[in-house]
Amino acid sequence: MMMIGTMRINVIVAALAGLFTFALSIGNNLFLSTCLKSTYSFLILFVLTFGFRWVLGVMIGAEHAAGGASYANPSTESSIGQSLDMSTPDEDEETRELMKANLGSNNSSLSNEMQFSPLNPPKLVTKNNLDPEQLAGALRRMSED
């Protein structure tokens, strides 16, 4: 039988439930009744948290059993996934030669196929001498639509 977490979780959850019950009950009940309800709430949630932790332990235990993981030697598995190596490896001579060969073959194939030429879009031309009658006609047609 395996449980997830510690008794501290039970105490924290039960204490929060007791305080919440006390805060909601103090305005409507006598002080003694409020304390009794808070105590009941504390005890019920304390026991329910044990059940919840046990169910989680069984589910995780079954998941590890189905996945083939064993708890026989946890020291070998404990370091897996705990660190991240952020360094890049040094470039060795073979990698540099391979990059030079790829750059050389790409340049020669590109020069044979086509050369780069920047895009030359046509310039926009503004018309300064517009006929007022044509503009009025265009506005009339647009307003009719």
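Computed from a prediction, not measured in an experiment: that's the story for all the values here. All chains use their own residue numbering, which begins from 1 and follows the written sequence. In view of the model being predicted, local features appear only for residues whose pLDDT reaches at least 70, and side-chain atom pairs are presented and counted only at 80 or more, with totals across whole chains, interfaces and linings using the full set of residues. The side-chain values count all of the structure's non-hydrogen atoms but skip hydrogen atoms and water molecules.

**Q** Which parts of the structure should I look at to understand the environment of Asn10?
**A** Here Asn10 is to be found in helix H1 (residues 7–25). A relative accessible area of 0% places Asn10 in the buried class. Along the chain, Asn10 and Arg53 lie 43 residues apart, while their C-alpha atoms are 9.0 Å from each other. In the analysis that follows, any N or O atom pair within 3.5 Å is treated as a polar contact, provided that within protein one partner can donate a hydrogen and the other can accept it, and provided that, for residues neighboring in sequence, both atoms belong to side chains. Within the structure, Asn10 has its side chain in polar contact with the backbone oxygen of Phe46 (distance 3.3 Å). Each helix is a run of DSSP H or I of at least 4 residues and each strand a run of E of at least 2, with the numbering of both proceeding from the N terminus. Burial here depends on accessible area, computed with a 1.4 Å probe over protein chains only, as a share of the maximum for the residue type. Under 20% is buried, over 50% is exposed, and the range in between is partly exposed.

**Q** Just checking my understanding: could you explain a negative patch on the surface for this structure?
**A** A grouping of Asp90, Glu91, Asp92 and Glu94 is seen on the molecular surface, where their side chains present a negatively charged patch. Mapped onto the elements of the fold, Asp90 is located in the loop between helix H3 (74–77) and helix H4 (93–113). Patch membership needs two things, relative accessible area over 30% and no salt bridge, and members are linked within 9 Å if like-charged or within 5 Å if nonpolar (Val, Leu, Ile, Met, Phe, Trp, Tyr). A 1.4 Å probe and the Shrake-Rupley method give the accessible areas. Residues count as covered only by the protein chains that appear here. In the sections that follow, a salt bridge refers to a side-chain nitrogen of Lys or Arg positioned within 4 Å of a carboxyl oxygen of Asp or Glu. Charge counting follows a simple rule: Lys and Arg are positive, Asp and Glu are negative, and His as well as the terminal groups are ignored. All charge positions are set by atom: Lys at NZ, Arg at CZ, Asp at CG, Glu at CD.

**Q** Before we go on, may I ask you to explain a nonpolar patch on the surface in this structure?
**A** Together, Leu36, Tyr40, Ile44 and Leu48 make up a nonpolar patch on the protein surface, roughly 420 Å² of accessible area in all. As for its position among the elements, Leu36 is in helix H2 (residues 31–67).

**Q** Hey, could you run me through the side chain of Ser41 in this one?
**A** Mapping Ser41 onto the fold places it in helix H2. You can call Ser41 buried: its relative accessible area is 13%. With sequence-adjacent residues up to four places away left out, Ser41 is seen in contact with Ala17, Gly18 and Thr21. By definition, residues are in contact when any of their heavy atoms lie within 4.5 Å.

**Q** Any chance you could explain helix H5 (residues 132–144) here in plain terms?
**A** The α-helix winds at 3.6 residues per turn, so residues separated by three or four positions along the chain end up facing the same way. The terminal C-alpha atoms of H5, which comprises 13 residues, lie 18 Å apart, in line with the 18 Å expected from a rise of 1.5 Å per residue. Counting buried residues in H5 gives 1 out of 13 residues, a small share hidden from the surface. One less than the number of residues in a helix, times 1.5 Å, gives the span that helix is expected to have.

**Q** Would you take a moment to explain the confidence of the model for the protein chain for this structure?
**A** Do not read the fine detail of predicted coordinates wherever pLDDT is low. The predictor rates its confidence in each residue with pLDDT, a number between 0 and 100. With 80% of its residues at a pLDDT of 70 or more, the protein chain shows a mean pLDDT of 80. Predicted confidence in the protein chain is weakest over H3, with a mean pLDDT of 56, and strongest over H1, with 93.

**Q** Would you mind showing me how to read the packing of aromatic side chains here?
**A** By convention here, two paired aromatic rings are described through the distance between centres and the angle between planes. The aromatic pairing rule takes the rings of Phe, Tyr and Trp, using the six-membered ring of Trp, and pairs them if the centres are within 6.5 Å, calling planes under 30 degrees apart stacked, those over 60 edge-to-face and the rest tilted. Going through the model one piece at a time under the given rule, you end up with 3 aromatic pairs. With 6.0 Å between their ring centres and 15 degrees between their planes, Phe42 and Phe46 make a pair best called stacked. Of this pair, Phe42 and Phe46 both sit in helix H2, 4 residues apart, which is roughly one turn of the helix. Accessibility expressed as a relative area gives 29% for Phe42, which makes it partly exposed. In textbook terms, an aromatic cluster arises when at least three aromatic residues are bridged by ring pairs, as seen for Phe42, Phe46 and Phe50.

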